[in-house]
Structures are given as C-alpha cells and as structure tokens.
Amino acid sequence: MLRVLAVDDEKPLLEELLYLLRSDPRVRSAEGASDATEALRRVTRALESGPDGPDGIDVVFLDIHMAGLTGLDIARLLAGFARPPLIVFVTAHEGFAVQAFDLKAVDYVLKPVRPERLAEAVRRTCAQLGRAEEVVPVAAAAPSGPPAAAPQRPPAPEAAVAERGPEQIAVELGGVTRFVAIADIAYVEAQGDYARLHTDEGSHLVRIPLSTLEERWGARGFVRIHRRHLVALARIDELRLDSGSTTVRVGAAELQVSRRHSRELRDLLMRHATG
C-alpha cells in the first residue's frame, strides 16, 4: 500500500485531494504539505528514515503553480536524491506535460480532479513500484440476494475513442470531455506518454502514444515525419529543403522532418499532388 505526500498551496484543493487519496484502499497513508519548504522537509525526513521507516514516502502528488518554488522546481530538487519518491503532477494547466515527463513523472492529472482519474494515477504508481493492486472485499458486507455486478474500470483513452467512433477522438480539459473531429487535426506532437493534437482552433492533450495514433490514423493520411510529429498529409502547405535539412509548413507551424522520413515524405507529397 502507498504512502503519499500531497502538496498544494490552496488549502481547499489540498483537502479535497487528501480526501480522495485516503478513500482509495491502495493508499496506506496520505499527508499534506501546503508549500515547497514543508514538502522538502517531509521528503528529507522520509529519506533519512529509510524506505521502510515510519516516515517513508512512496509518491508525491504535486501541484505545479505554487508561491515560491513551483512543483517543477521541487521535482528537480527531488531528482537529486539517491532514491527519490515517485512524482504525480496534479495541475490545472496542461501546458507543462513535456517538462513533467522529462522529470520522469508517473502521471499528469488535470484539475478539477475526478476520482476515477486519480484512481488511475494510483494504479500507475502501484505498477511502477511493482506492487499488486489491493482488492476490496465486498461480498461480506453485501446483503443476501443475487451477487452484484463487479465494478468496471473506467475505459482507457483508447477505448473511449473506439466507443465514440472512428471519426472523432475524445479529449479532456478541466474535467470536461470534448470530441474533436479527426479531419480537423493538422498535426500531432509527442509529449512523453501523451500526444498533443493541433487544430486550427487550438490544441488538446490526450494520453495516447504517438506510435498508437500513427498506426491508427495511417489510413487517414497521417504520416510520421519525425519522432515527435505526425502530420496530416493534406494539411502540408509547403516542403522546404535548405542545406540538407527538410522542413514542412503546416498552417503557421514549421516542423522539422527527420532524414529517415524525408525521402518517403517527398514521394508521398508528389503522389498526393498528382493523384
């Protein structure tokens, strides 16, 4: 079972996060810290007591925007320890995902926090620590009669996309689910375990690896041009060769094309133009 430290400088949000964490049967203990100084003091004490000590911490659920040191600053400091706790970022801002996963975060949870999304973050933490998930016995407390149906895990993002149909993809922002037409997506950018979908109106973050979208959307005219980018072929406005480097313009964005994809992309664009 997990020993958790939650860090947020907004007391109501911290209390809500602690309430949800303490309600999870896989969490042994959940304590709170309201600023970076307190968080670092508690982590230092936990490391001094050892992994099996009374003050041990397995994972820190960490807000990003705080007074003084940010959550990213705290994560960088913790990375300097020999055996730091795992990090899960909990934030209202989706724009820090790349930095978060560069810091080896286990997960990136957007506020307002939904219980099922937090439960998924706990599951990923348990998996990374190599701990089996706890099973909550319900039969003993259930009244006599037909057995209740087993609770089902919320669908993964990939499952949600499949259920919605092949023409749209589900995206979340601040606890609200929207459905974006795949035809409106100009290009996709890898951001750790996430992918950012770029449309003419803005961008959306989904927890689906770029490689999965490449496989799924290849038949829809999306091509890989770089390890970080997947582009809708029909949305490429310009291909430019300059001193051995290749770039494409997609709307206002200029994207690098890797050498291994350059020739294939040129051939595809020529066939697309003449077809």
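Below is a summary of the structure that appears in this document. (Residues numbered from 1 in each chain as written. Predicted model: local features only at pLDDT ≥ 70, side-chain atom pairs only at ≥ 80, totals over all residues. Heavy atoms only, no water.)

With that out of the way, let us pick up the packing of aromatic side chains. Tallying each qualifying case throughout the model produces two aromatic pairs. Measuring from ring centre to ring centre gives 6.5 Å for Phe101 and Tyr108, while their planes differ by 40 degrees; the resulting arrangement is tilted. Across the pair, Tyr108 and Phe101 agree in class, each one buried. (Phe/Tyr/Trp six-rings, centres within 6.5 Å; stacked < 30°, edge-to-face > 60°. Buried < 20%, exposed > 50% of the residue type's maximum accessible area, 1.4 Å probe, protein only.)

The strand order across the open sheet formed by five strands is S2-S1-S3-S4-S5, and the pairing between neighbours is parallel. What marks the edges here is a single partner per strand, and that holds for strand S2 (27-33) and strand S5 (107-110). Ignoring which end each strand starts from, the neighbouring axes of this sheet average 20 degrees apart. By the bridge criterion, four bridges tie strand S3 (residues 59-62) to strand S4 (residues 86-91) in an arrangement that is parallel. Residue pairing across strands places Val59 opposite Leu86, the latter belonging to S4. Strands in contact with helix H1 (residues 11-22) are strand S1 (2-7), S2 and S3; relative to S2, the strand with the most contacts, it is inclined by about 170 degrees. Its contacts with the sheet put helix H2 (residues 36-49) on S1, S2 and S3, and the angle it makes with S2 is roughly 140 degrees. (Pairing = 2+ DSSP bridges. Helix = DSSP H or I, 4+ residues; strand = E, 2+ residues; numbered from the N terminus. Axes fitted to C-alpha atoms, helices over the stretch in contact; angles between N-to-C directions. Contact = heavy atoms within 4.5 Å.)

Taken together, the three strands give an open sheet; going across it, the order is S13-S14-S15, and neighbouring strands pair in antiparallel fashion. Edge strands, defined here as strands with exactly one partner in the open sheet, are strand S13 (238-242) and strand S15 (253-257). Here the strands of the sheet are splayed against their neighbours by 25 degrees on average, with no regard to which way each runs.

Within the element layout of this structure, Ser245 appears in strand S14 (residues 245-250). A residue is classified by how much of its surface remains accessible, and Ser245, at 28% relative accessible area, is partly exposed.

What follows deals with the layout of surface pockets. Quantified by volume, the second largest pocket comes out at close to 310 Å³. Top element by residues in the lining of the second largest pocket is H2. It accounts for three residues. The residue makeup of the lining of the second largest pocket, split by class, is nine nonpolar, two polar and five charged. (1 Å grid on protein atoms, 1.4 Å probe; cavity = no way out; pocket = protein on both sides within 12 Å on 5 of 7 lines; lining within 4 Å. Points joined across faces, edges and corners; volume = space filled by probe spheres on them. Nonpolar A, V, L, I, M, F, W, Y, C, P; charged D, E, K, R; others polar.)

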